[in-house]
Amino acid sequence: MNNPLLHKTQTLHDTPAFDLIKNEHFIPAFHEAIKAAKADIKFIENNEEAPTFENTIEALEFAGMQLDRISSIFFNLNSAETNEEIQKIAQEISPLLTDFGNDINLSEKLFGRIKIVFENTNQKELCEEKKTLLNQRYKSFVRNGALLNESDKEQLRTIDKELAKTKLTFGENVLASSNAFELWIDHENDLDGLPKQAIATAKMMAEQKGKKDQWLITLDYPSYIPFMTYANNRDLRKKLALAFGQRAFGDNEFDNRKHIQKIVSLRHKRAELLGYESHAHFVLEERMAETPENVMNFLDDLKSKSMPFANKEFKELQSFAEKTDGIKDFQSWDGAYYTEKLKQEKFDFDEEALKPFLPLEQCEKGMFYLAETLFDLKFELQENITTYHQDVNAYEVFNKDGEFVSVFYTDYFPRPGKRQGAWMTSYKNQWKKNGENSRPHVSIVCNFTPPTGETPSLLTFNEFTTLFHEFGHALHGMLANTEYPSLSGTNVFWDFVELPSQMLENWCYEKEMLDKIAFHYQTKEPIPFDLVEKIKESATFMEGMKTVRQLSFGFLDMTWHFLKPENKTVEEIEKEAFSSTQLYPYNSKTLMSTAFSHIFQGGYSSGYYSYKWAEVLDADAFEFFKEKGIFNKDVSQLFKENILEKGGTEPPMTLYKRFRGQEPSSVALLKRAGLQEK
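It should be emphasised that the depicted structure is a prediction, and the values quoted were computed from it without experimental measurement. (Residues numbered from 1 in each chain as written. Predicted model: local features only at pLDDT ≥ 70, side-chain atom pairs only at ≥ 80, totals over all residues. Heavy atoms only, no water.)

### With respect to the pairing of strand 9 (residues 441-445)
So, point 1. Buried residues dominate strand 9, accounting for five of its five residues.
So, point 2. Residues His-441, Ser-443 and Val-445 point to one face of strand 9 and Val-442 and Ile-444 to the other, with burial holding for every one of them.
So, point 3. Pairing between strand 5 (residues 404-411) and strand 9: five bridges, direction parallel. Its bridge partner lying in strand 9, Phe-408 is registered against Val-442.
So, point 4. As paired elements, strand 6 (residues 423-428) and strand 9 share five bridges and run antiparallel to each other. Across the sheet, Ser-426 pairs through a bridge with Val-442, a residue of strand 9. (Buried < 20%, exposed > 50% of the residue type's maximum accessible area, 1.4 Å probe, protein only. Helix = DSSP H or I, 4+ residues; strand = E, 2+ residues; numbered from the N terminus. Pairing = 2+ DSSP bridges.)

Given below as structure tokens:
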């Protein structure tokens with residue numbers, strides 16, 4: 001009876017009572033909430049009334065709300081303020097939640113009611129949001145095999161089990177083969193060129209393995225990237241690069257080639273079983289791009305525009321390496337090294353010089369100023385809202401009429417119980433029910449440079465843009481104004497979700513914005529804008545090569561999952577996929593696919609293109625602001641009403657065109673990236 005996760009605690013805006021919640025409350029709360037959610041589902045299933053949108057689709061949308069709330073609190077804490085006890089609880093409750101989810105998805109009784117509503121509802125009589133909810137709910141069951149006969153369902157279960165097992169093996173092999181390689185340095189002069197911090201790290205890693213007079217370099221990025229970028233020893237760079245390109249490739253126990261073929265085959269069989277032409281067709285049905293053909297056209301278009309720049313940049317890099325060190329056989333292990341050398345020659349710039357002008361407190365005030373200017377929001381620090389850590393602040397957010405909009409939490413600094421990186425999350429979605437517009441609780445979590453005894457938190461420029469990026473996601477959540485929680489805020493297609501976040505980063509480069517934020521924390525002098533200009537210039541350095549590299553991964557992904565390669569080796573397939581974007585000499589001793597975890601273990605199969613897709617959207621959207629003025633209220637209102645408030649209630653392209661007046665064009669991205677002929 002005293003569990004604060006199960007009972008109202010009279011907190012402001014019904015925020016979590018973090019001061020009362022204890023670890024021992026979670027397991028009993030989950031059990032009770034799952035029991036209540038099952039009762040909600042059973043009530044829908046056993047309803048003797050004819051299935052309707054209201055008693056089936058809408059009822060399912062609001063079923064298990066207590067469980068959703070407890071889950072959001074728990075898993076957010078597991079990311080931002082975890083400990084061994086919470087991690088053990090996660091291991092215990094995760095299977096319970098998985099079983100509960102499967103009970104819903106595999107319920108023939110429940111799907112029977114959904115199917116009746118779907119087939120007998122005149123969708124022309126539904127508003128766009130109800131239509132979207134109905135179609136998404138029906139489609140989610142179908143995409144999980146609800147329409148298959150029992151034999152095909154059993155085959156689908158078998159495929160899914162094999163896929164899960166093989167994908168796990170793929171990842172284990174990448175990790176094991178990466179860990180198996182170690183580059184030991186015996187002579188300190190072999191470290192020439194490396195930054196002091198990289199040398200110190202290599203020394204520490206060697207000492208941890210009991211070797212005090214050596215240095216250790218591994219294939220982990222914090223070790224690999226500095227060595228490939230700064231180490232003067234070309235032979236060692238080659239050795240390291242070849243090892244990196246041979247991860248899970250070779251006639252040994254970690255070879256992933258057979259696992260790739262199996263994963264691709266199983267995915268294709270699964271797609272065909274569900275009635276799709278390919279795995280890419282299955283995936284892209286639920287993406288903004290919609291079809292594999294659209295993705296291929298997108299990749300081809302960007303390639304045609306960026307390849308001339310990439311070729312020109314590559315030749316410049318070759319010439320620089322030859323002029324500098326007499327390198328006549330320019331190879332992939334020379335790329336990062338000479339790119340950095342050329343960059344230093346072209347741009348006399350130290351990013352550390354920016355930090356005194358970017359204290360966190362000023363940057364935060366700047367993002368609040370932007371939200372007020374564009375969207376009429378006011379943020380008021382509220383000490384009566386309890387938080388889960390003393391570093392976390394809670395704000396009440398109001399609109400210009402004084403109406404409550406959202407609770408907004410900020411959590412900026414690293415600590416032992418917080419995972420790395422930066423993210424936006426939600427403790428409560430927005431929805432409307434029984435005449436009430438229930439407002440969201442949103443949080444951004446970062447790992448910024450903390451204050452010291454002598455200085456406040458001073459942000460790097462990358463941390464500054466990260467702050468605005470996550471705040472863009474937060475605005476998407478805070479300004480949500482939809483009927484249903486599953487369509488609210490950031491619940492959109494994942495090749496659309498980065499639009500608000502990436503677009504907000506653009507203000508970080510604008511003088512009008514920096515004039516409001518960037519003052520030296522001691523002298524209060526404004527930031528010299530030439531520093532920002534140098535960042536903008538260097539940010540697009542070798543952009544043609546960067547773009548082509550990213551596109552090549554997209555082409556490889558689509559080759560595996562759309563073009564359905566058959567009767568060819570992994571090596572042959574990869575060589576063909578890369579042929580149109582190849583810059584460095586082909587090396588038969590390395591493979592990308594065998595360690596391409598994004599598409600073979602992670603969630604990016606048929607979706608790697610979305611990195612560039614999101615860039616096109618944000619560049620095109622911000623171009624609209626630049627045309628009218630970066631603080632233009634007419635444009636910001638269009639963005640608020642058609643993007644931020646609408647969530648996933650309508651197709652993303654419909655919403656985008658309503659905001660922009662046209663489909664996105666790659667012109668703005670190419671212009672921003674410097675990939676247009678002058």
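Read on for the rest.
### Overview of the environment of Phe-468
So, point 1. Residue position: Phe-468 is located in helix 16 (residues 461-478).
So, point 2. Measuring from C-alpha to C-alpha, the distance between Phe-468 and Leu-274 comes to 41 Å, with 194 residues separating the pair along the chain.
So, point 3. Setting aside residues no more than four positions away along its own chain, Phe-468 makes contact with Cys-363, Gly-366, Met-367, Leu-370, Ser-501, Leu-504, Glu-505, Cys-508 and Ile-517. (Contact = heavy atoms within 4.5 Å.)

### Focus on the pattern of salt bridges
So, point 1. Applying the stated criterion across every chain yields a total of 38 salt bridges.
So, point 2. Note that Glu-61 and Arg-137 form a salt bridge whose closest N and O atoms lie 2.7 Å from each other. With a gap of 76 residues between them, Glu-61 in helix 2 (residues 53-61) and Arg-137 in helix 6 (residues 128-142) connect regions that are remote in the sequence. The pair Glu-61 / Arg-137 is uniform in exposure class, with both members buried.
So, point 3. With a shortest N-O distance of 2.9 Å, Arg-237 and Asp-334 are connected by a salt bridge. Residue Arg-237 is found in helix 10 (residues 234-245), and its partner Asp-334 is found in helix 14 (residues 332-346); the two are separated by 97 residues along the sequence. This pair shows no difference in class: Arg-237 is buried, exactly as Asp-334 is.
So, point 4. Residues participating in the shared-partner salt-bridge network are Glu-81, Asp-411, Arg-415 and Lys-418. (Salt bridge = Lys/Arg side-chain N within 4 Å of Asp/Glu carboxyl O.)

### Regarding the environment of Ile-93
So, point 1. Mapping Ile-93 onto the fold places it in helix 4 (residues 84-105).
So, point 2. Sequence-wise, Ile-93 and Phe-30 are 63 residues apart; in three dimensions their C-alpha atoms are separated by 7.5 Å.

### Points about the sheet that holds strand 6
So, point 1. One open sheet accounts for five strands, arranged 3-4-5-9-6; its pairing is mixed. The sheet terminates laterally at strand 3 (378-381) and strand 6, the two strands that pair on one side only. Taking each pair of neighbouring strands and ignoring which way they run, the sheet shows an average axis angle of 30 degrees.
So, point 2. Helix 3 (residues 65-80) contacts strand 5, strand 6 and strand 9 of the sheet and is inclined by roughly 150 degrees relative to strand 6. (Axes fitted to C-alpha atoms, helices over the stretch in contact; angles between N-to-C directions.)

### Concerning the nonpolar core
So, point 1. Judged by nonpolar contacts, the single largest core of 88 residues is most densely connected at Phe-379, Phe-408, Leu-467, Phe-471 and Trp-507.
So, point 2. When sequence neighbours within four positions are dropped, the list of residues in contact with Leu-467 reads Leu-360, Cys-363, Glu-364, Met-367, Tyr-412, Ile-444, Phe-448 and Leu-459.
So, point 3. Formed by 52 residues, the second largest nonpolar core is a distinct cluster that contains Phe-18, Ala-80, Tyr-388 and Ala-394. (Core = buried A, V, L, I, M, F, W, Y, C linked by side-chain atoms within 4.5 Å.)

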